[in-house]
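Here's the letter readout for the chains.
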Amino acid sequence: MRGKLEARKMLMGDMSIDCKLAAEDAKRQEEQLNGEVRSLLVAGTALSVTRKHLLELHALLGGDKGYIRLKNLQKKLRTRQQYMVSQVSLLYPVKISSGPTQDRELESFPSSSRSGNSARSKPVNQASLTILGLQLTMPPSKIMSFFTDKKEVQRSATALGYVAHAVSLIASYLKVPLRYPLRLGGSRSCIIDYAPSVETTFSDSSSSTALSTNLKHVEFPLYLDGQDTTKASYAVFLLNKDLEQLLNFIGVKSLGPRHVLANLKELIRTIQSADFIDF
């Protein structure tokens, strides 16, 4: 009996120790749960405030007043853009001038046909567009001859400088980053083409080679530099691409790759129309 009693005492002692350990573990878990409950209460309060704020914003934008307010802001922005572009049209007016001779607009890029002959400039029907009184004219040949009128070449370079400045201003007003950036310089303006250049690098540790593609910018003059007209023609082609980008931005198609002043006139006319406000 005495041995059984001692065994029971030892069992009761072990059970008491286990109960104490279980109580301490339960207390720790209770404290942990209390911390998590407090975190959930804080998160629930923040979620409720955020939901209330979201409902207020939704009511503000989703109601009639919110929609009307948004439309009014859009109209104010379009009206402001329209006014600024109208100032550009006053600064660089593009007009149609009729003369006894058939003038032609500058044919910017001599695209090659299947027969191998380069496309030459097309005459405008007894009327040509001018910007600030200057026409975009250029000899049809690829190489400028010694007897070419230097004043006519200078007038074309000045007109291209006007077009480049007008395009740069309109793009900044419409917040459109041009695909081919312009470096303005009056009659010595240039346009930049970011062409990818592939470079081959050799590794010292192994005989393998790697190809790296980098964007390298190349400037093309919007004026005749020397007797070769290829660079100037390509520069005008890129300038017309910028005009096409602006026309597409306002939902209008380009009139063609060889109508610089016509595209500029169409761009200004569309922005100054009443439809642009509701665009």
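What comes next concerns the included structure. (Residues numbered from 1 in each chain as written. Predicted model: local features only at pLDDT ≥ 70, side-chain atom pairs only at ≥ 80, totals over all residues. Heavy atoms only, no water.)

The next subject is the overall build of the protein. If you tally the helices and strands in the protein, you get five helices and six strands. Along the protein, from the amino end to the carboxyl end, the secondary structure elements read α-α-β-β-β-α-β-β-β-α-α. A separation of at least 24 residues holds for 62% of the contacts in the protein among residues at least 6 apart in sequence. Surface exposure of the protein reaches about 19000 Å², of which carbon and sulfur atoms provide 58%. (Helix = DSSP H or I, 4+ residues; strand = E, 2+ residues; numbered from the N terminus. Contact = heavy atoms within 4.5 Å. Areas by Shrake-Rupley, 256 points an atom, 1.4 Å probe, with all protein chains shown as cover.)

The next subject is unusual backbone geometry. Even without glycine at this site, leucine 132 takes up a positive phi of about 55 degrees. Mapped onto the elements, leucine 132 comes out in the loop between strand S2 (127–131) and strand S3 (134–135). For leucine 132, a relative accessible area of 40% translates into the label partly exposed. In this structure, lysine 175 takes a positive phi of about 60 degrees despite not being glycine. (Buried < 20%, exposed > 50% of the residue type's maximum accessible area, 1.4 Å probe, protein only.)

What follows concerns the nonpolar core. In summary, soluble globular proteins display a tendency toward joint burial of nonpolar side chains. Ile170, Leu239 and Leu264 are the most contacted members of the largest nonpolar core, which has 43 residues in total. Looking at this core, the elements that each hand over two or more residues are helix H2 (64–91), S2, helix H3 (150–174), helix H4 (230–249) and helix H5 (260–272). Take this core: its biggest share by element is 10 residues, from H3. (Core = buried A, V, L, I, M, F, W, Y, C linked by side-chain atoms within 4.5 Å.)

Looking now at H5. Taking 1.5 Å of rise per residue, 13 residues should cover 18 Å, and H5 covers 19 Å from first to last C-alpha, within 8% of that figure. Among the 13 residues that make up H5, 10 are buried, leaving the element largely enclosed by the rest of the structure. Inspection of H5 places Val260, Leu261, Ala262, Asn263, Leu264, Glu266, Leu267, Ile268, Thr270 and Ile271 among the buried residues, and these make up the whole buried set. (Expected span 1.5 Å × (residues − 1).)

Glancing now at the packing of H4 against H5. With their axes 10 Å apart at the nearest point, H4 and H5 run at an angle of 20 degrees to one another. Comparing their axes, H5 and H4 come out roughly parallel. Every pair of crossing elements has a handedness; the one defined by H4 and H5 is left-handed. Of the residues in H5, those in contact with Val236, Leu239, Asn240, Leu243, Leu246 and Leu247 of H4 are Val260, Asn263, Leu264, Glu266 and Leu267. Residue composition of the contact of H4 with H5, grouped by class: eight nonpolar, two polar and one charged. (Axes fitted to C-alpha atoms, helices over the stretch in contact; angles between N-to-C directions. Parallel < 35°, antiparallel > 145°, perpendicular 65-115°, else oblique. Left-handed = near helix turned anticlockwise from the far one by under 90°. Nonpolar A, V, L, I, M, F, W, Y, C, P; charged D, E, K, R; others polar.)

Enumeration according to the criterion identifies four salt bridges in this entry. As a salt-bridge pair, lysine 241 and glutamate 244 come within 3.4 Å of each other at their nearest N and O atoms. On the criterion of helical spacing, the pair formed by lysine 241 and glutamate 244 is a turn pair, its members being three residues apart in helix H4. A residue is classified by how much of its surface remains accessible, and glutamate 244, at 24% relative accessible area, is partly exposed. Linking arginine 269 and glutamate 266 is a salt bridge whose minimum nitrogen-to-oxygen distance equals 2.8 Å. With a gap of three residues between them, arginine 269 and glutamate 266 both fall in helix H5, about one helical turn apart. (Salt bridge = Lys/Arg side-chain N within 4 Å of Asp/Glu carboxyl O.)

In short, the description is geometric, and any link to function would need to be established separately.
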